[in-house]
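# Breakdown of the fold
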Amino acid sequence: MIMNTTTEPFTPSAELARPTVADAVVGHDAYPLFIRKPNPDDGWGIYELVKSCPPLDVNSAYAYLLLATQFRDSCAVATNEEGEIVGFVSGYVKSNAPDTYFLWQVAVGEKARGTGLARRLAEAVMTRPEMAEVHHLETTITPDNQASWGLFRRLAERWQAPLNSREYFSTDQLGGEHDPENLVRIGPFQADRI
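First things first, this report covers the structure right here in the doc.

Rules of the game
- Residues numbered from 1 in each chain as written.
- Predicted model: local features only at pLDDT ≥ 70, side-chain atom pairs only at ≥ 80, totals over all residues.
- Heavy atoms only, no water.
- Phe/Tyr/Trp six-rings, centres within 6.5 Å; stacked < 30°, edge-to-face > 60°.
- Buried < 20%, exposed > 50% of the residue type's maximum accessible area, 1.4 Å probe, protein only.
- Helix = DSSP H or I, 4+ residues; strand = E, 2+ residues; numbered from the N terminus.
- Expected span 1.5 Å × (residues − 1).
- Contact = heavy atoms within 4.5 Å.
- Pairing = 2+ DSSP bridges.

Another aspect to go through is the packing of aromatic side chains. Within this structure, the stated rule accounts for 6 aromatic pairs. Between the aromatic rings of Tyr 168 and Phe 169, the centroid separation amounts to 4.4 Å while the plane-to-plane angle is 55°, which identifies the pairing as tilted. Among the residues examined, Phe 169 registers a relative accessible area of 34% and is labelled partly exposed. Aromatic ring contacts, followed pair by pair, group Trp 44, Tyr 47, Tyr 64 and Phe 88 into a single cluster.

Here it is, written out as structure tokens:
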């Protein structure tokens, strides 16, 4: 059996942290951050970033590698000039509701906190051509995660869209050792307001 393999040129993360490759450049002159789609080289860096951001649930390195490859069009990473991953957002367009993007996880490392990076990551994904038909954003948030509640309230306000929430997963459904998760829905919103 002959197996065909294709070899695409490998581009190190540091090279990807360039304005010509990035979807967006944010931050300030002294500490610019580059937002782009993830690639296979980013899986481990994403895993390490999420581990450094409690109370986020840490998934396997393999899961982050899958997100960086199979779901790259609906995810984004932010890197500094050295190519270090300092921000990450993951999500997908729901197959049963193609007008809805489900934001699974957003992480901002200590070096990039206070820059508005979480919002910018979400907006970088939402303004991609692949998201042209998306008019709702959903996520789940535990009741006590004030940082996440603040982020999604700001997004709803910026996008001039309603925000609704309800309990989605109970503590029992999550095995009894996890706080309940509320389903948060923003929308409908217009793409030109993002």
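Here we take up helix α5 (residues 146-158). The end-to-end C-alpha distance of α5, which contains 13 residues, comes to 18 Å, matching closely the 18 Å that a straight helix rising 1.5 Å per residue would cover. Buried within α5 we find Ser 148, Trp 149, Gly 150, Leu 151, Phe 152, Leu 155 and Ala 156. Packed against the buried residues of α5 are β5 (97-108), α4 (117-126), β6 (136-141), β7 (163-169) and β8 (181-186). The positive-phi residue at the C-terminal boundary of α5 is Gln 160, with phi of around 55°.

Burial of β6 is extensive: 5 of the 6 residues sit out of reach of the surface. In this structure, β5 lies alongside β6, joined through 3 bridges in parallel fashion. Of the residues in β6, the one forming a bridge with Thr 100 is His 136. Summarising the sheet, β6 and β8 pair through 5 bridges and their orientation is antiparallel. Following the sheet pairing, Glu 138 is matched in β8 by Arg 185.

Within the secondary structure, Ala 97 sits in strand β5. Residue class for Ala 97 comes out buried when judged on its relative accessible area of 18%. A sequence separation of 37 residues divides Ala 97 from Val 134, and the C-alpha atoms of the two residues are 9.2 Å apart.

Any functional reading would require information beyond the geometric quantities listed.
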